[in-house]
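# What the coordinates show
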Amino acid sequence: MAACLVWMVLGVTGAVAQLDLDCAAPERARALIEYARLSEIEQVEDIHRDALDKALANCPKGQGRQACRAEQQRQADLEWERTLAEIKARYDKMQKDFAETCRASIALAGRRPTEVF
């Protein structure tokens with residue numbers, strides 16, 4: 001499960017690095033970052049769900065099945081929470097970095113910001 005998530009996150013991260021963020025249109029840039037965040041969460045959620053289904057299917061029949069399923073669910077929930085926190089932190093940082101970059105470019109140009117970043 002973790003290997004699939006790593007490749008998925010790397011692929012999405014590469015796509016995020018190519019976002020066209022423009023300080024002249026900060027609302028659009030923030031919306032684009034939010035859209036990318038939600039898209040990544042949805043994609044990773046699908047992978048997570050598939051991996052959990054496979055893990056649950058591997059639990060033995062009969063005695064111990066319920067304990068196996070509970071443990072697989074617990075591990076999957078922990079992995080999901082960790083992955084979700086990483087995604088949120090990455091996009092929060094992206095929003096913050098965008099705002100700082102725009103403030104710096106405005107300061108270098110000697111202009112007053114017309115919008116709060």
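The coordinates are above.
Conventions used here
Residues numbered from 1 in each chain as written. Predicted model: local features only at pLDDT ≥ 70, side-chain atom pairs only at ≥ 80, totals over all residues. Heavy atoms only, no water. Disulfide = S-S within 2.5 Å. Helix = DSSP H or I, 4+ residues; strand = E, 2+ residues; numbered from the N terminus. Salt bridge = Lys/Arg side-chain N within 4 Å of Asp/Glu carboxyl O.

## As for the state of the cysteines
Under the counting rule described, the total for this entry stands at two disulfides. Between the sulfur of C23 and that of C102 lies a disulfide, 1.9 Å long from S to S. The disulfide joining C23 to C102 has a torsion of about -90° about its S-S bond and is therefore left-handed. Here C102 lies in helix α3 (residues 65–109) and C23 lies in the loop between α1 (2–16) and α2 (26–57), a separation of 79 residues in the sequence. Bonded cysteines in the chain are paired 1-4, 2-3 when counted in the order they occur along the chain.

## Side note on the environment of T83
Locating T83 in the fold gives a position in helix α3. Between the C-alpha atom of T83 and that of E45, which follows or precedes it by 38 residues, the distance is 9.4 Å.

## Thoughts on the pattern of salt bridges
Under the defined criterion, the tally for this structure stands at eight salt bridges. Across the salt bridge formed by R82 and E86, the nearest N and O atoms sit 2.3 Å from each other. Residue R82 and its partner E86 are both found in helix α3; the two are separated by four residues, about one turn of the helix.

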